[in-house]
Amino acid sequence: MKYQIYTARNYRQIAQIDKISKEDQRTIDVVAHVLPFKTNNYVTDELIDWNNYKNDPIFILNFPQKGMLNPEHFNRIAMLVDSGADTNIIKEEANKIRHQLNPHPAGQAHNLPVLRGEKLTGAQHKYNETMLFFPSQGQTCHAYCTFCFRWPQFTGMDNLKFAMKEVDAIVDYLREHPEISDLLITGGDPMVMSANVLDTYISKILDADIPHLQNIRIGSKSLAFWPYRYLTDPDADDLLRVFEKVTASGRTLAFMAHFNHPTELSTPAVKDAVKRIRATGAQIRTQSPLLNHINASSMVWSEMWKKQVQMGMIPYYMFIARDTGAQEYFGVSLNRAWDIFRRAYTKVSGIARTVRGPSMSCTPGKVRVSGVTEINGEKVFALEFIQGRNSDWVNRPFFAKYDPNALWMDDLKPAFGKKEFFFEEELAEMLLD
Ligand code: SF4
């Protein structure tokens with residue numbers, strides 16, 4: 001299958017363009033000036049139900065929606081577009097809006113590792129055991145998710161972009177940090193890289209023979225957006241040989257697959273691609289945020305987890321939509337998120353209950369909403385860290401005042417009249433570094 005990209009420039013070439021109303025085309029034209037837009041022929045031809053495109057979860061996942069910008073921002077750009085304003089003027093206005101959309105959530109700028117006094121701008125080391133590596137050639141995706149929390153990577157806001165080519169520095173940093181057992185190669189989507197480029201990175205890492213580096217993870221949405229990467233792309237077989245290199249070295253290759261909806265698991269192509277990846281000895285773990293308009297239903301989640309298990313994958317995370325970009329449009333309240341998670345979890349068997357959530361990846365760590373309960377007459381959220389900037393914070397229950405409208409950690413206040421959460425003083429000191 002030949003890969004065909006569609007962006008704001010050429011999406012009118014898609015075969016189904018006549019199905020999209022003129023008003024919706026104008027919305028795409030306006031919103032795509034601010035937030036990234038890219039889709040491809042697999043998504044348009046095999047995933048979207050064009051007879052019901054307005055409500056189709058995959059259409060909403062890929063094509064810009066009016067509600068993704070607040071009305072004032074939308075109208076500002078729409079006026080410029082309608083009046084035929086110069087692209088530089090539109091760009092300037094779009095950049096102003098982007099800066100108001102919290103482009104760097106969860107204090108990511110504080111996670112840069114330092115090697116010999118220099119910051120490694122293409123890496124993050126937030127949790128003890130895991131280092132993230134953003135190879136330069138992997139900083140795009142086969143299509144863009146409308147909710148993407150890494151959207152600044154794709155908008156040309158270069159000063160906000162994480163990426164690096166120098167794998168040697170990564171290797172040196174890993175050697176100096178025996179606590180790191182996992183290297184997560186992420187993006188964008190590292191699976192947009194050629195097998196050759198990935199091989200260069202992987203071989204350097206494996207050849208360094210770092211004993212404490214046990215697991216290599218690859219974060220990718222390619223199974224959902226372009227499963228032909230593992231089937232018919234010219235270097236599909238070579239790519240799978242690189243995976244085999246990792247598993248043959250005795251290390252675990254964990255393919256962290258990003259699926260947002262059961263439709264993405266339904267095509268013959270994705271089923272074959274999953275089989276081919278698993279045949280390399282890699283394990284596939286699945287994750288997704290909970291998203292209004294796309295998957296905010298317990299039925300959708302339980303179906304997704306069941307199908308994943310049936311296909312040999314391991315459900316891993318349900319995330320809460322991050323406080324960036326179009327969060328207002330996609331966000332689900334913490335209360336509702338917990339309810340959806342709980343109801344979906346009760347409908348699946350024990351082997352699908354490997355999934356954890358709903359979890360917020362926020363500045364102090366990954367905070368799970370364990371439940372809503374009442375203690376001494378006060379209604380509270382019970383919370384716990386799944387991961388923490390200090391690993392000692394993990395698995396300690398703590399409590400926030402119940403707030404039915406809270407969408408994110410920053411909206412929460414400590415329960416029982418306390419002034420701050422137990423980790424806040426230490427966190428403030430960490431962020432001074
Ligand atoms: S695949 Fe991941 S990085 Fe790429 S657009 Fe989607 S959420 Fe963002």
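Residues numbered from 1 in each chain as written. Predicted model: local features only at pLDDT ≥ 70, side-chain atom pairs only at ≥ 80, totals over all residues. Heavy atoms only, no water.

### With respect to the overall build of the protein
- Within the protein one finds 14 helices and 15 strands.
- For a compact globule of 433 residues, the expected C-alpha radius of gyration is about 22 Å, and the protein comes in at 22 Å, within 12% of that figure.
- For the C-alpha atoms alone, the extent of the protein along its principal axes is close to 55 × 55 × 50 Å.
- In the protein, buried positions account for 57% of the 433 residues.
- When contacts within the protein are restricted to residue pairs at least 6 apart in sequence, those whose partners lie at least 24 apart make up 73%.
- In the form shown here, the protein has an accessible surface area of approximately 18,500 Å², with 48% of it arising from carbon and sulfur atoms.
- Taking the average location of the 50 positive side-chain charges in the protein and that of its 50 negative ones, the two points are 4 Å from each other. (Helix = DSSP H or I, 4+ residues; strand = E, 2+ residues; numbered from the N terminus. Rg over C-alpha atoms; globule rule 2.2 N^0.38 Å. Buried < 20%, exposed > 50% of the residue type's maximum accessible area, 1.4 Å probe, protein only. Contact = heavy atoms within 4.5 Å. Areas by Shrake-Rupley, 256 points an atom, 1.4 Å probe, with all protein chains shown as cover. Lys, Arg positive; Asp, Glu negative; His and termini not counted. Charge placed at Lys NZ, Arg CZ, Asp CG, Glu CD.)

### Overview of the sheet that holds strand β13 (residues 365–375)
- Reading across from one edge, β5-β6-β7-β8-β9-β10-β11-β12-β13-β14-β15 is the order of the 11 strands in this open sheet, with mixed pairing throughout. Strands with a single pairing partner mark the edges of an open sheet, and in this sheet they are β5 (123–127) and β15 (398–401). Adjacent strand axes in the sheet meet at a mean angle of 30° when their direction is disregarded.
- Note that strand β14 (residues 378–388) and β15 share 4 bridges and pair antiparallel. Pairing of Leu383 across the sheet is with Phe398, part of β15.
- In the packing of helix α6 (residues 167–176) onto the sheet, contacts are made with β5, β6 (130–133) and β7 (182–185), and the angle to β6 comes to roughly 175°. (Pairing = 2+ DSSP bridges. Axes fitted to C-alpha atoms, helices over the stretch in contact; angles between N-to-C directions.)

### Some points on the site of the ligand
- Neighbouring residues of the ligand: Cys141, Tyr144, Cys145, Cys148, Phe154, Gly188, Lys221 and His258.
- Here the residues of the shell around the ligand sort into 5 nonpolar, 2 polar and 1 charged. (Near = heavy atom within 4 Å. Nonpolar A, V, L, I, M, F, W, Y, C, P; charged D, E, K, R; others polar.)

### Remarks on the side chain of Gln25
- Along the chain, the position of Gln25 falls in helix α1 (residues 22–31).
- Relative accessible area serves as the criterion here: at 5%, Gln25 is assigned to the buried category.

### Let's talk about the domain arrangement of the protein
- Domain assignment breaks the protein into domain 1 (5–99) and domain 2 (105–281).
- The C-alpha centroid of domain 2 is placed 28 Å from the C-alpha centroid of domain 1.
- Each partner contributes residues to the interface: domain 1 has 23 residues there, and domain 2 has 26 residues.
- Interface area for domain 1 against domain 2, summed over the two sides, is near 1,900 Å², with a carbon-plus-sulfur share of 65%.
- Viewed at the interface, domain 2 and domain 1 are joined by 0 salt bridges. (Domains from an automatic or database assignment. Buried area = accessible area lost by both parts, 1.4 Å probe. Salt bridge = Lys/Arg side-chain N within 4 Å of Asp/Glu carboxyl O.)

### A word on the packing of helix α4 (residues 71–82) against helix α5 (residues 87–99)
- Packing of α4 against α5 brings their axes to within 10 Å, and their N-to-C directions diverge by 175°. Between α4 and α5, the angle is such that the two are roughly antiparallel. For the pair α4 and α5, contact is made by His73, Arg76, Ile77, Leu80 and Val81 and by Ile89, Ile90, Glu93, Ala94, Lys96 and Ile97, respectively.
- Class assignment of the residues belonging to the contact of α4 with α5 gives a composition of 7 nonpolar, 1 polar and 3 charged. (Parallel < 35°, antiparallel > 145°, perpendicular 65-115°, else oblique.)

### Focus: the packing of helix α7 (residues 195–207) against helix α9 (residues 236–248)
- Direction vectors running N to C along α7 and α9 enclose 10°, while the axes themselves pass 9 Å from each other. Accordingly, the angle class assigned to the pair α7 and α9 is roughly parallel. Here α7 contributes Ala195, Leu198, Asp199, Ile202, Ser203 and Leu206 to the contact with α9, which in turn contributes Asp238, Leu239, Val242, Phe243, Lys245 and Val246.
- The residue makeup of the contact of α7 with α9, split by class, is 8 nonpolar, 1 polar and 3 charged.

### Regarding a negative patch on the surface
- Residues Glu420, Glu424, Glu425, Glu426 and Glu429 make up a contiguous surface patch of negative charge.
- Relative to the assigned elements, Glu420 resides in the loop between β15 and α14 (424–432).
- On the accessibility criterion, Glu420 (38% relative accessible area) is partly exposed. (Patch = residues over 30% accessible without salt bridge, like charges linked within 9 Å, V, L, I, M, F, W, Y side chains within 5 Å.)

### Thoughts on the environment of Val81
- With respect to the secondary-structure elements, Val81 resides in helix α4.
- Setting aside its immediate chain neighbours within four residues, Val81 contacts His33 and Ile90.

### Some thoughts on the pairing of β5
- Among the 5 residues in β5, 5 count as buried, and that is most of the element.
- Sheet analysis places β5 next to β6, joined by 3 bridges and oriented antiparallel. Each residue of the ladder has a partner; that of Ala123, found in β6, is Phe133.
- The hairpin formed by β5 and β6 contains 2 residues between the paired strands.

### Quick look at the pairing of strand β12 (residues 356–362)
- Among the 7 residues in β12, 6 count as buried, and that is most of the element.
- Two elements, strand β11 (residues 314–320) and β12, share 2 bridges in a ladder whose sense is parallel. Looking at β12, one finds that Phe319 is bridged to Ser359.
- Counting the residues that bridge the hairpin from β12 to β13 gives 2 residues.

### Looking at helix α10 (residues 268–278)
- Listed in full, the buried residues belonging to α10 are Ala269, Val270, Ala273, Val274 and Ile277. One face of α10 carries all of its buried residues, which in axial projection span an arc of 130°. Residues of α10 that are exposed and point more than 90 degrees away from the buried face comprise Pro268 and Lys275.
- If you follow the buried residues of α10, they end up packed against α2 (41–47), α8 (222–225), α9, β9 (252–258) and β10 (283–290). (Arc of directions from axis to C-beta.)

### Considering the pattern of salt bridges
- Using the criterion set out here, one finds 21 salt bridges in the structure.
- Residue Arg241 pairs with Glu244 through a salt bridge whose shortest N-O separation is 2.9 Å. Here the residue Arg241 and the residue Glu244 both occupy positions in helix α9, the gap between them amounting to 3 residues, near one helical turn.
- One salt bridge in this structure joins Arg368 and Glu384, with 2.9 Å as the shortest N-O distance.

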